Amino acid sequence: MEYNFQDIESKWRQHWAENKTFRAADSSDKPKYYGLDMFPYPSGAGLHVGHPLGYIASDIYARFKRLKGFNVLHPMGYDSFGLPAEQYAIQTGQHPAITTEKNLARYREQLDKIGFSFDWDREVQTSSPDYYKWTQWIFKQLYNSWYNVDADKADDISNLEVVFENEGNATVKAETSQIDIFTAAEWNAFDEATQQKILMNYRLTYLADSMVNWCPALGTVLANDEIKDGVSERGGHPVVQKLMRQWSMRITAYSERLLNGLETIDWSDSIKEQQRNWIGKSVGAAVKFKVQSPRIGTVQDEKLVEQAKEMRANPTDAEAALWTELKGKKLGIKFRKQHLITDFIVDFVCLSKKLIVEIEKDHHGNEESIAKEKIQTKTLEDLGYKIIRLSDEEVVAHTEQVLKSISDALKSLPNQEEESNTNLEEIIGEEQFIEVFTTRPDTIFGVNFLVLAPEHALVAEITTDDQKEAVAAYQKQASLKTERDRQADVKNITGQFTGAYALHPFTGEKVQIWIGDYVLAGYGTGAVMAVPAGDQRDWDFAKHFDIEILNIFEGVDISEAAYAEKEGKMNNSGFLDGLSVRKAMKLAIYEMEKKGIGTGKTTYRLRDAVFSRQRYWGEPFPVYYKNDLPYLIEDDQLPVTLPEVDAYLPTEDGEPPLARAEKDAWNVFEGDRMEYNTMPGWAGSSWYFLRYMDPHNETEFVSKEKADYWNQVDLYIGGSEHATGHLLYSRFWTKFLKDKGFISFDEPFKKLINQGMILGRSSFVYRDKDSGKFVSFGKRKEYKTARLHADISLVDNDKLDLEGFKNWLPEYANAEFILEDDGTYICGSEVEKMSKSKYNVQTPDELVEKFGADTLRCYEMFLGPLEQAKPWDTKGINGVHNFLRKFWRLFHDAEGNFAIEAGEADKKALKTLHKTIKKIEDDLNRFSFNTGVSNFMIAVNELGEQNCNNKAILSDLVVLISPYAPHICEELWTKLGNEAGTLSYAEFPVFNPDFLVEANYAYPVSFNGKMRFKLELPTNMPKDEVEKAVLADEQSQKWLEGKAPKKMIVVPGKIVNVVV
RNA sequence: GCUCGAGUGGUGGAAUUGGUAGACACGCAAGACUUAAAAUCUUGUGUCCAUUAGGACGUGCGGGUUCAAGUCCCGCCUCGAGUACCA
């Protein structure tokens, strides 16, 4: 009987499905093993040969683990919400649920053909309400939690409310965007809206304004991906940066834990490194630069202004106490502090009543001060001001009385017109600071300018009149670029001076304030301090705009480039002079903290993740709004299902598609309206690995018991494109669910392997531009040709099927060809991404049909290392198919009859078998699937040469090969007399090293590192005797050329090297 | 730009800890079988020199460490992936 793979494969697929061979038990005496593939998104194009690559590898490993006696959980399901189905819906009007269902069916059909050992009873789909009910539930958990920094974990928001009621927020250490401090009394007095607004700043998922790429013409937000050259990829409409109120996830609260957790998991260094960089921890300092108003020049005496600001910044206790009572019109009228009137700074003044309140300084009998005070009093009274003088003690001890006397004085005074020219408030404005973060606080003295993001809130306020136009123009230009373009473009240095200056916190020198689009509003504080001496980008910027560059490094030349090394000594740096970088950093931070202008700080590049999408085909939020405040839907009402809409497009006023839903279309409707946004693609995929453990649980997302049993995913296989998205978000959710006590582990995936992409091999034909004839590859240079893709199904070994080509597309029906001399048409080829438009998509179906699933499985593995990207080419598939046929023939005689012999196996066969057992097991343990196939080939070739048909040997070989080629092995297994279906749980053969022992070893003998000849010597010969034997051999004489060897290296059992 | 990864025959790749470079397979060539073709089997196949024997060179490029480098170090080049709303 010939190897009839079609019959064999369909028979065993049916057997496995009917007997639920791969059902995982939720409890077992065996050790557990959880092997998972990354969630596929079922696109309309179906599977191409790249998709199953990882699934085959994980399936081989899962089957191997079953043979090794593990209880294996190996599930599959679909990440079935997503943009492509929605795009398709927009184009065709068909409901995305329908296309998704179709795509799922096609995926399943394709997957079924490849013989995976999935437990299909556990299938999950993110777009199924049974599933997203729990995605919504987890969202609610996040909403009802805050990050307690003291406990270093998430905690119930209700606990936080208790603290607020009793202590206010001053003592709370939390990951929060709340800045203002309030007391318990204040909290309790706030109305609900205010309280909710404050709580929002603590919640782990919260509403906030985030910058998005807004396309007004499409009425939608676009991914950076969807924007090409500043316009939308679809339609070419302009795109602008816009703030939008959206849900965010406070993933930043977990920055440090996400970073540290990497140490505990077995992932590739590259992917860990990518996550580390994504989280981007940097240690440095936050520094505040005071902004000098551009209008400051209008005041005669700059010193006075500075003095006023200084006094304002460092008030005495009495001043502070009194200001608390006067500010914000508490007496019903506006007071100003540290105000300049003519040449005098007064402590407090009410301009509309011309009342001045001065707090007496202790003169200690200083004559000059007393004289000054007298002049001041007289001058001010001449201008029509009334002055109240108070002592420190009076203000502190008898605040009430003081206030009463001020209040009385106010009542007695008439209203006056304010004299604007004396208004210091207007001149210096509110105290403005620009906060920057720097990893190099040691270079603080080298700050020659500051650069703000064009969107920075302060830009509008500080820009001088004569720069307004230029700044606005620059802002407009910047708003048209995507973040990525802004970061990527380093060749074009752009920026715009605002006309404003900041004051250097140590030297007081004026520092120009620029805006530049390489500074991003969303990163850090949206402002950087530029140190051209120490940073190349700043250096380039300074050179380009001709800004001064101060060299702050001792003995370093910075005329040609910045000096970014962290070595050397500081110079021109005040108190840092002569210090090393390390010491200067410490001292700089110390001095900043002492002066109150900065603090040592650790920041993370990681940003909170935007969790809203203005799309239809995603999870609805369990949220409604009442008076514009968000509220959660009760658990017993979940899930909030997707309502029907009349179109999958935004509304005319730019609201998301869900805004189209009628009230009745919602299964749950509360408040004024439901949330219109939906959740992003990563919502459902962040926790799905937990649902597989307990997929039909209706009361919990997963039972604690089952989560404890199955625990972490032991092996997770998928593409590296998920490095910083899915893999980071699911780590975040896992840590959160652990914090809340729902699961007992805080890393989801113990071991991760990234499969490389399978690239397509495109075929090309060459059309002569003059005649329109198609020129064969070898002759294309003789003509002026255009290269066109040809469908790879029409090409075999680069030879084009001419008739097929003519029938392929109507425009080629009358194609004429210029052939090679041998009469064939040869196509050109190139390796590219597999895509429909390149006509290079290879589906697994046709290969399964032609060669069988076992061949496909082995061939995909045989292509090369799992992790590496590789081009797809079916050239070698014949060889792999041949191997399976040879394997089959080992069990059959020349007439095709099943013919094996029981009895003792001979030594050679045992050696082949055990060599193979060892290699296969070693290979599987290091996930080297490709070398596994090679080793099977070697084994089958050797046994074939030996004419081995020994039952014991072949039985072990069947078990060995079965993870790779399960169908053929099941067939042979039953032919060997075993019960059908028992192969999957058979015992993996045990390696016995005794069969590999050899008496002799052929030593490669090298002279000066070059291998010259081999010499067979006993394996157990001692080193010195090997030396003698080598030197005594006549072949050595030629290479020694009569000289004595300088040195000899003998590695027993490996190599001999003679140094001449 | 930044971050990460990869470059080995005509092709996919092997070489696991620094120890025989090119296993295994494809392709190609020659031969056997055949009227012929296909299929199958046998042999050869890194490049260059040489009739042979044999020799020189050889793992993207340039240096280095070592008895010994595809493997380690330094500096480049090329290609691929990610870069926060594709999943």
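Computed from a predicted structure; not experimentally measured.

### Topic: the overall build of chain A
Thinking step 1. Within chain A, the regular secondary structure consists of 35 helices and 38 strands.
Thinking step 2. Taken along the three principal axes of its C-alpha coordinates, chain A extends 125 × 90 × 75 Å.
Thinking step 3. For chain A, with 1060 residues in total, the buried portion stands at 52%.
Thinking step 4. Residue pairs in contact within chain A that sit at least 24 positions apart in sequence constitute 72% of those at least 6 positions apart.

### A word on the protein's contact with RNA strand B
Thinking step 1. Every one of the 66 residues lining RNA strand B counts as a neighbour, but Asp79, Ala223, Arg484, Leu863 and Asn930 are closest to it.
Thinking step 2. When the atoms of RNA strand B within 4 Å of the protein are grouped by moiety, sugar and phosphate amount to 63% of the total.
Thinking step 3. The separation between a base nitrogen of RNA strand B and a polar side-chain atom of Gln246 is 2.7 Å.
Thinking step 4. Contacts to RNA strand B include Arg605, whose backbone N or O atom sits 3.2 Å from a base nitrogen.
Thinking step 5. Top element by residues in the surface near RNA strand B is helix H31 (residues 929-945). It accounts for six residues.

### Focus on the packing of aromatic side chains
Thinking step 1. Summed over all chains, the structure comprises 70 aromatic pairs.
Thinking step 2. With centroids separated by 5.5 Å and ring planes inclined at 25°, the aromatic side chains of Phe182 and Trp187 adopt a geometry described as stacked. Trp187 carries the same exposure label as Phe182, and that label is buried.
Thinking step 3. Summarising the aromatic geometry, the rings of Phe497 and Trp514 are spaced 5.6 Å apart at their centres and angled 40° between planes, so their arrangement reads as tilted. A residue pair is termed long-range when its members are at least 10 positions apart, and Phe497 in strand S17 (residues 496-503) and Trp514 in strand S18 (residues 510-515) qualify at 17 residues. Here the two residues Phe497 and Trp514 agree in accessibility, since each one is buried.
Thinking step 4. Connected via pairs of aromatic rings, a cluster forms that spans Phe139, Tyr143, Trp247, Phe611, Phe621, Trp682, Tyr729 and Trp733.
Thinking step 5. The ring of Tyr206 carries the charged tip of Arg250 above its face, separated from the ring centre by 4.0 Å.
Thinking step 6. Taking the ring centre of Tyr501 as reference, the NZ or CZ of Lys510 above it sits at 4.6 Å.

### Examining empty space enclosed by the protein
Thinking step 1. For the structure on display, the rule yields one cavity of 30 Å³ or more.
Thinking step 2. Put simply, the largest cavity is a space of about 50 Å³.
Thinking step 3. What lines the largest cavity is simply Arg63, Arg66, Leu67, Ser962, Pro966, Glu970, Leu983 and Ser984.
Thinking step 4. Classifying every residue of the lining of the largest cavity gives three nonpolar, two polar and three charged.

### Quick look at the UniProt feature "domain: Methionyl/Leucyl tRNA synthetase" (unreviewed entry) in chain A
Thinking step 1. Summarizing the sequence annotation, UniProt attributes the feature "domain: Methionyl/Leucyl tRNA synthetase" (unreviewed entry) to residues 39-144 in the numbering used throughout.
Thinking step 2. Annotated as residues 39-144, this span is 55% helix and 3% strand, and its ends, taken at the C-alpha atoms, are 28 Å apart.

### Examining the packing of helix H27 (residues 844-851) against helix H28 (residues 853-862)
Thinking step 1. Where H27 meets H28, the closest approach of the two axes is 7 Å, and the angle between their N-to-C directions is 120°. Between H27 and H28, the crossing angle belongs to the class labelled oblique. Judged by residue contacts, Pro844, Leu847, Val848 and Phe851 of H27 engage Ala853, Thr855 and Leu856 from H28.

### Details of the nonpolar core
Thinking step 1. Trp247, Phe611 and Leu690 are the most contacted members of the largest nonpolar core, which totals 88 residues.
Thinking step 2. No other element matches helix H5 (residues 129-143), which puts eight residues into this core.

### Observations regarding the environment of Val1030
Thinking step 1. Mapping Val1030 onto the fold places it in helix H34 (residues 1023-1032).
Thinking step 2. Judged by relative accessible area, Val1030 falls into the buried class, the value being 0%.
Thinking step 3. Along the chain, Val1030 and Ser369 lie 661 residues apart, while their C-alpha atoms are 104 Å from each other.
Thinking step 4. Val1030 has contacts with Val1005, Leu1015, Ser1036, Met1048, Val1056 and Val1058, leaving out every residue within four places of it along the chain.

### A word on the side chain of His881
Thinking step 1. You can see His881 is positioned in helix H29 (residues 877-890).
Thinking step 2. Taking the relative accessible area as the measure of exposure, His881 reaches 10% and is therefore buried.
Thinking step 3. Polar side-chain contacts of His881 include one of 2.9 Å to the side chain of Thr855.
Thinking step 4. Apart from residues no more than four positions distant in its own chain, His881 is found in contact with Tyr3, Phe5, Phe851 and Thr855.

### Digging into the confidence of the model for chain A
Thinking step 1. In the predicted model, chain A carries a mean pLDDT of 86, and the fraction of residues at 70 or more is 96%.
Thinking step 2. What the predictor reports for the complex is a pTM of 0.81 with an ipTM of 0.91.

### Some points on the sheet that holds strand S13 (residues 355-359)
Thinking step 1. Spatial strand order, S11-S12-S13-S14: four strands in an open sheet with mixed pairing. Pairing within the sheet leaves two strands with one partner each, and these edge strands are strand S11 (336-341) and strand S14 (386-390). Strand-to-strand, the axes of this sheet are offset by a mean angle of 45°, without reference to chain direction.
Thinking step 2. In this structure, strand S12 (residues 344-350) lies alongside S13, joined through three bridges in antiparallel fashion. Within the sheet, the bridge partner assigned to Val349 lies in S13 and is Ile356.
Thinking step 3. On the sheet, helix H12 (residues 317-326) packs against S11, S12, S13 and S14 and is oriented at approximately 35° with respect to S12.

### Observations regarding the environment of Thr377
Thinking step 1. Note that Thr377 resides in helix H13 (residues 367-382).
Thinking step 2. Taking C-alpha positions, Thr377 is 7.5 Å from Ile387, a pair spaced 10 residues apart along the chain.

### Section: a nonpolar patch on the surface
Thinking step 1. A grouping of Ile1049, Val1051 and Ile1055 is seen on the molecular surface, where their side chains present a nonpolar patch of about 190 Å² in accessible area.
Thinking step 2. Tracing the backbone shows Ile1049 in strand S37 (residues 1047-1051).

### Describing unusual backbone geometry
Thinking step 1. A cis geometry characterises the amide bond from Leu638 onward to Pro639, with omega recorded as 0°.
Thinking step 2. Relative to the helices and strands, Pro639 is located in the loop between strand S23 (629-632) and strand S24 (673-674).
Thinking step 3. The backbone of Lys20 shows a phi angle near 45°, a positive value even though the residue is not glycine.
Thinking step 4. Looking at Lys20, the relative accessible area reads 39%, which means it is partly exposed.
Thinking step 5. Phi at Asn1008 is positive, roughly 50°, even though this residue is not glycine.
Thinking step 6. Of note, Asn1008 is situated in the loop between strand S35 (1000-1007) and strand S36 (1010-1018).

### Examining the pairing of strand S4 (residues 153-156)
Thinking step 1. Two elements, strand S3 (residues 145-148) and S4, share four bridges in a ladder whose sense is antiparallel. Bridge pairing links Asn148 to Lys153 in S4.
Thinking step 2. Connecting S3 to the next strand, S4, in antiparallel fashion are four residues, including Asp152 with a positive phi near 55°.

### Description of the pattern of salt bridges
Thinking step 1. Applying the stated criterion to the full structure yields 39 salt bridges.
Thinking step 2. Residue Lys750 is joined to Asp714 by a salt bridge in which the shortest nitrogen-to-oxygen separation is 3.3 Å. Here Lys750 is found in the loop between helix H25 (726-739) and strand S26 (752-755), whereas its partner Asp714 is found in the loop between helix H24 (704-710) and strand S25 (715-719), with 36 residues between them in sequence.
Thinking step 3. Taking the relative accessible area as the measure of exposure, Lys750 reaches 37% and is therefore partly exposed.
Thinking step 4. You can call Asp714 buried: its relative accessible area is 13%.
Thinking step 5. Taken together, the shared-partner salt bridges in this structure form one network comprising Asp26, Asp119, Arg122, Asp694 and Lys706.

### With respect to the packing of helix H3 (residues 83-92) against helix H4 (residues 96-112)
Thinking step 1. As a packed pair, H3 and H4 sit with axes 9 Å apart at the nearest point and diverge in direction by 125°. Classed by the angle they form, the pair H3 and H4 counts as oblique. When the axes of H3 and H4 are compared, the crossing they make is right-handed. Residues Ala85, Tyr88 and Ala89 of H3 form the contact with H4, whose own contacting residues are Pro96, Thr99 and Thr100.
Thinking step 2. Counted by class, the contact of H3 with H4 contains four nonpolar, two polar and no charged residues.

### Re the sheet that holds S26
Thinking step 1. The four strands are arranged S2-S1-S25-S26 in an open sheet whose pairing can be described as parallel. Strands with a single pairing partner mark the edges of an open sheet, and in this sheet they are strand S2 (71-73) and S26. Across the sheet, the mean angle from the axis of one strand to that of its neighbour is 20°, orientation sign disregarded.
Thinking step 2. With three bridges joining them, strand S1 (residues 32-37) and S2 adopt parallel strand pairing. The residue bridging Tyr34 from the neighbouring strand is Leu73, located in S2.
Thinking step 3. On top of the sheet, helix H2 (residues 52-67) reaches S1, S2, S25 and S26; it is set at about 170° to S1, its chief contact.

Calculation rules
- Residues numbered from 1 in each chain as written.
- Chains lettered and ligands numbered in written order.
- Predicted model: local features only at pLDDT ≥ 70, side-chain atom pairs only at ≥ 80, totals over all residues.
- Heavy atoms only, no water.
- Helix = DSSP H or I, 4+ residues; strand = E, 2+ residues; numbered from the N terminus.
- Buried < 20%, exposed > 50% of the residue type's maximum accessible area, 1.4 Å probe, protein only.
- Contact = heavy atoms within 4.5 Å.
- Near = heavy atom within 4 Å.
- Polar contact = N/O pair within 3.5 Å; in protein donor to acceptor, adjacent residues only side chain to side chain.
- Phe/Tyr/Trp six-rings, centres within 6.5 Å; stacked < 30°, edge-to-face > 60°.
- Lys NZ or Arg CZ within 6 Å of the ring centre and 35° of its normal.
- 1 Å grid on protein atoms, 1.4 Å probe; cavity = no way out; pocket = protein on both sides within 12 Å on 5 of 7 lines; lining within 4 Å.
- Points joined across faces, edges and corners; volume = space filled by probe spheres on them.
- Nonpolar A, V, L, I, M, F, W, Y, C, P; charged D, E, K, R; others polar.
- UniProt positions renumbered as here; feature names shortened; annotations may be inferred.
- Axes fitted to C-alpha atoms, helices over the stretch in contact; angles between N-to-C directions.
- Parallel < 35°, antiparallel > 145°, perpendicular 65-115°, else oblique.
- Core = buried A, V, L, I, M, F, W, Y, C linked by side-chain atoms within 4.5 Å.
- pLDDT = per-residue confidence, 0-100.
- Pairing = 2+ DSSP bridges.
- Patch = residues over 30% accessible without salt bridge, like charges linked within 9 Å, V, L, I, M, F, W, Y side chains within 5 Å.
- Areas by Shrake-Rupley, 256 points an atom, 1.4 Å probe, with all protein chains shown as cover.
- Salt bridge = Lys/Arg side-chain N within 4 Å of Asp/Glu carboxyl O.
- Left-handed = near helix turned anticlockwise from the far one by under 90°.

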